Amino acid sequence: MPELPPKPVSRRALLTGTLATTALALTACTGNSGPAASASPSASASATPVPRTLRLAAAAPPVKLDPAIVGDNESFRITRQVYETLVDIDPDTGSTVAGLAESWTESPDGLRYTFTLRQGVLFHDGTELTAKAVVANFNRWENLSPQLRTASSQGFANIFHIDSDIPKLPTAKELEKTFKSTGEATEEELATQQSRTEQLEELSKQFETKLFDGKSSAGSASYFASVEATGEYVVTLNLRRRLPGLVDALTLPGMAIAAPSALTGGPKQNPAQSLSTHPVGTGPYTFVSNGNGVVRLEIFKDYWNQARLDNNTGHPEVALISAVPSPYNREGALLADEIDGFDMVSVDIMRTLVRNAKVVVQRDPFSVLYLGMDQRNKWLAKPDFRLAIAHAINRSSLAEKLFLQGSKHASTLLPPALSIPAPEETPNHDATKAKALLDELGYDGEEIECAYPLRVSRNYLPLPERTFAQIADDLAAVGIRIKPKPIAWTDGYVQTVQSKDFNGLHLLGFSGGYRSADDFLSGILASKENEFGYTSALLDSQVMLARSVPFGEERTAAYADILKTLNTDLPALPLVFPISALAFNGNVTFYPPSPMLNECYADVQMTNSPSISS
């Protein structure tokens, strides 16, 4: 990651207004009485000091508060305050730093990692963090049911690929069949076939070696071997195959360490079920309640890193996070001083924020929006039809019109920050080519469903309805008829488009959890058979082998080859690398933006508003 400037108020931020004081009412974010009622203006006049309170509006409510079995960033927004991981992310450089583990070592063969834990760290239930507590969490993750494991997108299963099997490479004859067309192959198709054949030959050589060591408790391509407490505060993690990005991966929110007392007592399929509604970690904030649409967090008085709090005397002592799906309602709440800030600033309200002297904090782009194309659909099964869609959509115009300034159109699924070169021949906007391909296919104008989410903003999709409308217009311009399928986000949008029951186009995206191409590819392709109707043993082999290659030119080349495969097969069309942003009133003087959304409120600097503190 490129070196970032020091950490003043404006680090990675665009200050669009003065830091003016605002009048805030603590109960105004919901408009009804609830857990926040005690901090009303009348209460502030009493002898008891009113805590500094940060009120944020999020785009959706958290799904669950157990980061090991959930995949949405709104849930992680809460759990990152309550839990901590063995390894943390430096907010200035993005590099890994000590977390609950104060140090670690790697064996020469890369198959054993030893972590030395901090001493004196307490969970919110008062118990101490020990090696046995960490092992209990690993044991829980390893033994999760497949159903719960697949619900996670940034945790144990995604790192160790525990349920994966070693792919069976296709034979040269089988590979040739996948390129056989009814007519005479074009020059481009012959070149692609030749390239795939060469790739197969190279992969076959690597498959002749022993790929994994030792036994696996799950899939044959699982990287996880075992974990053990080798001292009271020492944890040893053993692998079956080298995993160069492991330490960085341990910063993912799904690798948060929970109190052992909360890991038992629930039903057999999920003994730690209580964590879904009441998280218990070691983080700077304790979970208090989740009711009336507001999550309440309070500072943990026995937090181990008191220096972090002492060095930031303006940190929030209470955080209230409310769900406000509409970007316009979030904007209105900020302008009315009902909240201190909100996430998911959209391009169409930026001007209003500037005019009203609000502070806009911008994140570096580290997510991708894509259009999924399910190959079980009669027309989407045809490579040239998917290519026609790629030529039809004006991705540059999409980025310029509906995303914050600085957002770029995407030619691959991997953001530029990962420095993986895009294939030379990526489809660009060309309506004439799109029409010609459709004519050759004999497309008869049959409608194709396109799903998009309602009542939500995501950092990769701030304006879903308008994004769908522009894409539908582009497709209509070349003759492709689209049937809209709006689905409320909270009604299971993701589950619907990633199921075998939906076979059309859909809008979705992915936000990177750490700086790794494998994180993006594994996350996006985890459900590729159901989401895209797409299978490829060749691609699976490329991805599995690439993740074990040491960092350097060879690894970059391996991921570049994967992008070539995806560029040809086109299960999903990359659309935009968006920039996301938050907006604040002037009483928030610093907010720590993170491309990986690793934003802890203990590092926020603020003053209480007059209505709370006077």
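As shown above, the structure is provided for reference.
About the thresholds
- Residues numbered from 1 in each chain as written.
- Predicted model: local features only at pLDDT ≥ 70, side-chain atom pairs only at ≥ 80, totals over all residues.
- Heavy atoms only, no water.
- Core = buried A, V, L, I, M, F, W, Y, C linked by side-chain atoms within 4.5 Å.
- Buried < 20%, exposed > 50% of the residue type's maximum accessible area, 1.4 Å probe, protein only.
- Helix = DSSP H or I, 4+ residues; strand = E, 2+ residues; numbered from the N terminus.
- Pairing = 2+ DSSP bridges.
- Axes fitted to C-alpha atoms, helices over the stretch in contact; angles between N-to-C directions.
- Contact = heavy atoms within 4.5 Å.
- Salt bridge = Lys/Arg side-chain N within 4 Å of Asp/Glu carboxyl O.
- Parallel < 35°, antiparallel > 145°, perpendicular 65-115°, else oblique.
- Left-handed = near helix turned anticlockwise from the far one by under 90°.
- Nonpolar A, V, L, I, M, F, W, Y, C, P; charged D, E, K, R; others polar.

### A word on the nonpolar core
Logical step 1: Formed by 76 residues in total, the largest nonpolar core has its most connected members in Ile 389, Leu 505, Leu 507 and Leu 575.
Logical step 2: The dominant element in this core, judged by the number of residues it contributes, is helix 20 (residues 553-569), at six residues.
Logical step 3: Residues Leu 111, Ala 133, Ile 257 and Val 280 belong to the second largest nonpolar core, which totals 54 residues.

### Some points on the sheet that holds strand 7 (residues 234-239)
Logical step 1: Taken together, four strands build an open sheet; the order of strands is 4-5-7-6 and the sheet is antiparallel. Two strands in the sheet have a free side with no partner beyond their single neighbour: strand 4 (101-106) and strand 6 (224-231). The mean inter-strand angle of the sheet, taken between neighbouring strand axes irrespective of direction, is 20 degrees.
Logical step 2: Note: strand 5 (residues 112-117) against strand 7, five bridges, orientation antiparallel. Considered in strand 7, the bridge of Phe 115 is made with Val 235.
Logical step 3: Packing of helix 3 (residues 131-142) onto the sheet brings it into contact with strand 5, strand 6 and strand 7, and relative to strand 6 it is tilted by some 165 degrees.

### With respect to the pattern of salt bridges
Logical step 1: Within the structure shown, the criterion is met by 19 salt bridges.
Logical step 2: Among the ionic pairs, Glu 446 bridges to Lys 378, the shortest N-O distance being 3.0 Å. Note that Glu 446 is positioned in the loop between helix 14 (431-441) and strand 15 (448-454) and Lys 378 in the loop between strand 13 (367-373) and helix 12 (383-392), a separation of 68 residues in sequence.
Logical step 3: Look at the salt bridges and you will find they share partners, linking Glu 74, Arg 77, Asp 343, Arg 363, Arg 458 and Glu 599 into a network.

### Details of the sheet that holds strand 16 (residues 482-488)
Hydrogen bonds between backbone groups are what pair the strands of a sheet, and the pairing can be parallel or antiparallel.
Logical step 1: With mixed pairing, the six strands of this open sheet are ordered in space as 14-18-13-17-15-16. The outermost strands of the open sheet, each flanked by one partner alone, are strand 14 (408-409) and strand 16.
Logical step 2: Examined bridge by bridge, strand 13 and strand 17 (residues 505-511) share seven bridges and lie antiparallel to one another. Residue pairing for strand 17: Val 368 is matched across the bridge by Phe 510.
Logical step 3: Docked against the sheet, helix 13 (residues 395-402) engages strand 14 and strand 18 (572-577), running at close to 40 degrees with respect to strand 18.
Logical step 4: Contacts between helix 15 (residues 464-477) and the sheet are confined to strand 13, strand 15, strand 16, strand 17 and strand 18, with strand 15 contributing the most and set at about 160 degrees to the helix.

### Details of the packing of helix 7 (residues 187-207) against helix 20
Each pair of packed helices gets described by two things: the angle between the helix axes and the distance between those axes.
Logical step 1: Axis separation between helix 7 and helix 20 bottoms out at 12 Å; the angle between their running directions is 140 degrees. On the basis of the axis angle, helix 7 is oblique to helix 20. Where helix 7 crosses over helix 20, the handedness of that crossing is left-handed. Facing helix 7, whose interface residues are Thr 192, Arg 196 and Gln 199, helix 20 presents Asp 561, Thr 565, Thr 568 and Asp 569.
Logical step 2: For the contact of helix 7 with helix 20, the class distribution of residues is no nonpolar, four polar and three charged.

No statement about biological role is implied by the geometric values presented.
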